[in-house]
Amino acid sequence: MQDMTKDPKQIISDAVQAAFSSTLGAEYKDVNPVVRLSQNPKFGDYQINGIMGLAKKTSQNPRELAEKIVGVIDLEGFAESLEVAGPGFINVTLTPSALIELCVEMDSPSLGVLQSEDLHPIAIDLCGVNVAKQLHVGHLRSTIIGDSLSRVFERVGRTVYRENHLGDWGLPIAMVLDRLMRSGVNLDTLSITDLNTAYQEAKLVAKDDCGGIKTAERISAGPHRILELQEQNADATAAQESAKSALVKLQQGDKDLLLGWEKLINCTMKDVYASLDLLHVKLGPEHNRGESFYRDRLESVVDSFVKSNLAEEDDGALVVRFKDRKRPLLIRKSDGGFMYATTDLAAVYFRTQELECDRLIYVVDARQRDHFKDLFDASTLVGWNKTPDGTSVKFEHIPFGSVLGEDKKPLKTRSGSNVTLSSLLDEAVARGRDEVKRRSKDESSQTHGMGEEELSTIGRQIGIGAIKYADLSNDLVTDYVFDMDRMVSFEGNTGPYIQYACARITSLLEKSGETDFSSNFIINTPQERQLVITLLQYGAVVQNVAQNLEPHILCMWLHELTGAFSSFYQACPVLKVDDGAIRGSRLRLSELTRRVIVDGLDLLGIEVPQKM
Ligand code: ARG
């Protein structure tokens, strides 16, 4: 009998590779046999598709080669039949006893998800809000995706550092701080809206426009025009200068400014935490390691590059150059100031050399693609692509796409401003609540007669689950249209659909009156078989998400599993079946399915209401 801790696909693959080796020679032992789940149960459970390619490579008749391979594959006790079909596929049907054994193995707390032996932690850079600005939709994506990936890695046994790289150090924050302190506002009672307004105003004044003056200079608009602009914008220039000197003072550790700075952070983060809480993501103050954390490490970052002869002077500034492109990476400005990139280099050093992470994942929108390419290449040049014990570090940027409005343009409010995160979440929750309340009026509904508070909690879980699922079920790099109606629907490939399916299984189990689900598995009907074959993939699906950083694979699979359960439930009576042994088996299958859905949704950060 085979090693049952593996997923069936792997067991078949291994056996086929051994057959390749004995039929064709040891040099063929690593050829991918391309084992797939069968599209149609009529043709067995799995299909081996790799023979045709191999036949071509070795100039043989594919059907003959397939026959030869079938003759030597050793799947004794595991496969009931191996059948050559079409031009050279092999259809595999598993024995009921193998299926049962695999199910028993899976029906454990780990649900078939193997634990990694890699002791290096992983750093996941997520959220990354900017202090003094409100969270926007981009931060929503970064947070949801980053949280889900963190959960997946934790699930496969890795230690994860969730790194919230807050934008909390630099000119923008110095600018608002300077403005607020000058105007004598009480920073203790500041609301996020006040802060946001102050930020917008400060930005306007400061912008108004030094850029315009620069343009006038560049296009040689003439001294007269420049003077005129300068006069008009005296305020702006003064504001810029004042902000810059506030930043210098802040960076030098001015006590008053630092105190004010902390207050601005608190004010922002209070609002952020309220959203994060509502979102049900695992992200708190303990995960904050913002730009300011690295402020005393920037000098030494630059030193490392200088010492390795990797920094070049360019007009008073320091840059790192790359062989394959013109664009250099600026690490110190001519005025001695450091850049966003310098801070990120310090973070790479910290994560790889101090935390000893061997995988750095950045969940940051696609517009920062170039920044991360430069960051990774510069880190590699300076040797931070190895942990202290010499393990290679994998750097990955997930350049996620934008959230679009119905007009296929980046989501904006009616007045044209950026949509804030909290307004979006509030609406989703309201929609979830409306839906639950509407359904609870129906006497046959699970939620009929529930109190206001309970309904409201369920509504929140649905609304938030809907947003998260919609976000994660797309290929991350593509833009997607934000369609609230579709997201909250109980039908289709949506979060609520899967939540609802799960709540129905819960209710079925409750109705059974049983509490112990450990009867023997009996797998007779095609639907039971299909459900089991799907369930058995769970471990491999989770590993796949960890490997390829694609949560939509898990979404798609959960949707499939829900479908397989629903076909099973339609074809195979559970509570009404006379045979007690079959009833017990079907209940156990239902309970296993329920646990897998709950676990899978948890990896997406989605809660499952008991009733819906
Ligand atoms: N604060 C940045 C922004 O809003 C995102 C930070 C991303 N993380 C990083 N390590 N650079 O654009």
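Note that this is a predicted model, so its numbers are computed, not measured.

Conventions used here
- Residues numbered from 1 in each chain as written.
- Predicted model: local features only at pLDDT ≥ 70, side-chain atom pairs only at ≥ 80, totals over all residues.
- Heavy atoms only, no water.
- Core = buried A, V, L, I, M, F, W, Y, C linked by side-chain atoms within 4.5 Å.
- Buried < 20%, exposed > 50% of the residue type's maximum accessible area, 1.4 Å probe, protein only.
- Contact = heavy atoms within 4.5 Å.
- Pairing = 2+ DSSP bridges.
- Helix = DSSP H or I, 4+ residues; strand = E, 2+ residues; numbered from the N terminus.
- Axes fitted to C-alpha atoms, helices over the stretch in contact; angles between N-to-C directions.
- Right-handed = clockwise from strand over helix to strand, strands pointing away.
- Near = heavy atom within 4 Å.
- Polar contact = N/O pair within 3.5 Å; in protein donor to acceptor, adjacent residues only side chain to side chain.
- Nonpolar A, V, L, I, M, F, W, Y, C, P; charged D, E, K, R; others polar.
- Salt bridge = Lys/Arg side-chain N within 4 Å of Asp/Glu carboxyl O.
- Parallel < 35°, antiparallel > 145°, perpendicular 65-115°, else oblique.

Colleague: Would you mind going over the nonpolar core in detail, with residue names and values included?
Modeller: Across soluble globular proteins, you tend to see nonpolar side chains buried next to one another. Core analysis: the biggest nonpolar cluster contains 139 residues, and Ile12, Leu264 and Tyr538 have the highest contact counts within it. Once residues lying within four places of it in the same chain are set aside, the contact partners of Tyr538 are Met106, Leu111, Val113, Arg155, Leu554, Trp557, Val596, Asp599, Gly600 and Leu603. Core analysis: the second largest hydrophobic core is formed by 30 residues, Val302, Val348, Leu360 and Trp384 among them.

Colleague: Break down the sheet that holds strand β7 (residues 311-314) for me, citing the residues and quoting the values.
Modeller: With antiparallel pairing, 3 strands are arranged side by side in an open sheet as β7-β8-β9. Strand pairing shows two members of the sheet lacking a second neighbour, β7 and β9 (325-332), which therefore form its edges. Looking at each pair of strands side by side, their axes are set apart by 45° on average, direction ignored. The sheet contact formed by strand β8 (residues 317-322) and β9 spans 4 bridges and is antiparallel.

Colleague: Now, about the pairing of strand β5 (residues 122-125): what can you tell me, with residues and values included?
Modeller: Burial along β5 is two-sided: Ile122 and Ile124 and Ala123 and Asp125, pointing in opposite directions, are all buried. Remark: the β5/helix α5 (residues 137-155)/strand β6 (residues 160-163) crossover connection has right-handed handedness. Summarising the sheet, β5 and strand β10 (residues 359-363) pair through 4 bridges and their orientation is parallel. Across the sheet, residue Ala123 finds its bridge partner in β10, namely Leu360.

Colleague: Tell me about the site of the ligand, residues and numbers included.
Modeller: Around the ligand lies a shell formed by Asp125, Gly128, Asn130, His139, His165, Tyr340, Asp344, Tyr362, Val364, Gln368 and Phe372. Side-chain polar atom of Tyr340 to a nitrogen atom of the ligand: 2.7 Å apart, as the coordinates give it. The separation between an oxygen atom of the ligand and a polar side-chain atom of Gln368 is 3.0 Å. Each residue belonging to the shell around the ligand can be placed in one class, and the counts come to 4 nonpolar, 5 polar and 2 charged.

Colleague: Kindly report on the pattern of salt bridges, identifying the contributing residues and their values.
Modeller: Any two side chains of opposite charge can pair if their charged atoms end up close together. Scanning the model with the defined rule gives 38 salt bridges in all. Linking Asp358 and Arg158 is a salt bridge whose minimum nitrogen-to-oxygen distance equals 2.8 Å. Placement of Asp358 in the loop between α12 (340-354) and β10 and of Arg158 in the loop between α5 and β6 is noted, with a sequence separation of 200 residues between them. Here Asp358 and Arg158 have matching classes, each one buried.

Colleague: Tell me what's going on with the side chain of Glu591, and back it up with residues and numbers.
Modeller: One can find Glu591 in helix α21 (residues 580-603). Excluding its chain neighbours within four sequence positions, the residues that come into contact with Glu591 are Leu509 and Phe517.

Colleague: Now, about the sheet that holds strand β4 (residues 89-94): what can you tell me, with residues and values included?
Modeller: The 4 strands lie next to each other as β1-β2-β4-β3, forming an open sheet whose pairing is antiparallel. This sheet does not close on itself; its edge strands, each paired only once, are β1 (35-37) and β3 (79-85). Sheet twist, expressed as the average angle between the axes of neighbouring strands with direction ignored, equals 25°. As defined by bridge partners, strand β2 (residues 46-48) adjoins β4 across 3 bridges and the pair is classed as antiparallel. Of the residues in β4, the one forming a bridge with Ile48 is Ile90. Along the sheet, helix α1 (residues 8-24) makes contact with β1, β2 and β4, crossing β2 at roughly 30°.

Colleague: Give a detailed account of the packing of helix α15 (residues 452-472) against helix α17 (residues 495-512), specifying residues and quantitative values.
Modeller: α17 packs onto α15 with a crossing angle of 125° between their chain directions and a minimal axis gap of 7 Å. On the basis of the axis angle, α15 is oblique to α17. Facing α15, whose interface residues are Gln461, Ile462, Gly465, Ala466 and Tyr469, α17 presents Gly495, Pro496, Ile498 and Gln499. Its residues assigned to classes, the contact of α15 with α17 comprises 5 nonpolar, 4 polar and no charged.

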